[in-house]
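Structural overview for review
Okay, here's what each chain looks like letter by letter:
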Amino acid sequence: MTGRHADILILLSRHPEGLSADHLAMLLDDKDLDVVTVRAEMSRLRKVVGAETIASRPYRLLVPITTDFAEVHEALDTGDVTAALDRYAGPLLPQSIAPGVARLRAELTMTLRAAVLTTGDPVVLRRWLDSPDGRDDREGWRALHDGTLPGSVQQAQARGRLAGLDLDFG
């Protein structure tokens, strides 16, 4: 499976109603991606996943697919931020430059971040802050600092990290 195939599958999974070739082309490339190219990619993808998996007119998944992306959203939908963090493997398709995938990637990361910050739970906050996405999250480090016991090691670590971020980013 190619990176483009992964892009298509994640986009189709988020659009159960289906996508026209034109709409899919827009979500895959911010330049003028020809619908003939999209159709050719869909034909190649069907050979990889099976023709019974994807319908056309509009393009849509005929069988559900399991993704960590969907599992994170499901955990967030139920308010289980810890489970969402457990399922979060990092940014969605980080190598993808498809505009539709980039939007989904940003939405997922920012939704998870907001949920973590809302908990105010130092353990959950620390898990986020120890991740690549949370490492430089100034607001998260401030929340950890303010939400831990005065004089605690966690508060000292948060203070140190905030000082480092201030030096790096002003």
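Before going into details, it helps to say that this report is about the structure given with it. (Residues numbered from 1 in each chain as written. Predicted model: local features only at pLDDT ≥ 70, side-chain atom pairs only at ≥ 80, totals over all residues. Heavy atoms only, no water.)

**Digging into the nonpolar core**
- Among the nonpolar cores identified, the biggest contains 45 residues, and Leu 11, Leu 12, Leu 24, Val 38, Met 42, Leu 112 and Val 116 are the most heavily contacted of them.
- The greatest single-element share of this core, amounting to 7 residues, is contributed by helix α6 (residues 99–119).
- Excluding residues that lie within four positions of it along the chain, Val 38 makes contacts with Ala 21, Leu 24, Ala 25, Leu 33 and Tyr 59. (Core = buried A, V, L, I, M, F, W, Y, C linked by side-chain atoms within 4.5 Å. Buried < 20%, exposed > 50% of the residue type's maximum accessible area, 1.4 Å probe, protein only. Helix = DSSP H or I, 4+ residues; strand = E, 2+ residues; numbered from the N terminus. Contact = heavy atoms within 4.5 Å.)

**So, the side chain of Arg 113**
- Checked against the element boundaries, Arg 113 lands in helix α6.
- Residues contacting Arg 113, with those up to four places away along its chain left out, are Trp 128, Asp 137 and Glu 139.

**So, the pattern of salt bridges**
- By the definition in use, this model includes 10 salt bridges.
- Between Asp 86 and Arg 127 there is a salt bridge; the shortest N-O distance is 2.8 Å. Placement of Asp 86 in helix α5 (residues 81–87) and of Arg 127 in helix α7 (residues 122–129) is noted, with a sequence separation of 41 residues between them.
- The exposure class of Asp 86 is exposed, given its relative accessible area of 52%.
- In this structure Arg 127 comes out as partly exposed when scored by relative accessible area, which is 34%.
- Between Asp 130 and Arg 126 there is a salt bridge whose closest N-O contact spans 3.0 Å.
- Taken together, the salt bridges that share partners define one network made up of Arg 113, Asp 137 and Glu 139. (Salt bridge = Lys/Arg side-chain N within 4 Å of Asp/Glu carboxyl O.)

**As for the packing of helix α2 (residues 21–28) against α6**
- Running from amino to carboxyl end, α2 crosses α6 at an angle of 65 degrees, the nearest separation of the two axes being 5 Å. From α2, Met 26, Leu 27 and Leu 28 reach across to α6, where they touch Pro 99, Gly 100, Val 101 and Arg 103.
- Within the contact of α2 with α6, the residues separate by chemical class into 5 nonpolar, 1 polar and 1 charged. (Axes fitted to C-alpha atoms, helices over the stretch in contact; angles between N-to-C directions. Nonpolar A, V, L, I, M, F, W, Y, C, P; charged D, E, K, R; others polar.)

**Some remarks on the side chain of Thr 109**
- Mapped onto the secondary structure, Thr 109 falls in helix α6.
- A relative accessible area of 13% means that Thr 109 is categorised as buried.
- If sequence neighbours within four positions are ignored, Thr 109 has contacts with Tyr 88, Trp 128 and Asp 133.

**As for helix α9 (residues 153–169)**
- Look at α9: 24 Å from first C-alpha to last across 17 residues, which is about the 24 Å you get at 1.5 Å a residue.
- Taken together, the buried positions of α9 are Gln 155, Ala 158, Leu 162 and Leu 165. For α9, the arc enclosing every buried residue in end-on projection is 85 degrees, short of the 170-degree limit, so these residues lie on one face. Of the residues in α9, the exposed ones pointing more than 90 degrees away from the buried face are Val 153, Leu 167 and Asp 168.
- For α9, the secondary structure elements touched by its buried residues are α8 (138–147).
- Following α9 by one or two positions, Gly 170 has its phi on the positive side, about 75 degrees. (Expected span 1.5 Å × (residues − 1). Arc of directions from axis to C-beta.)

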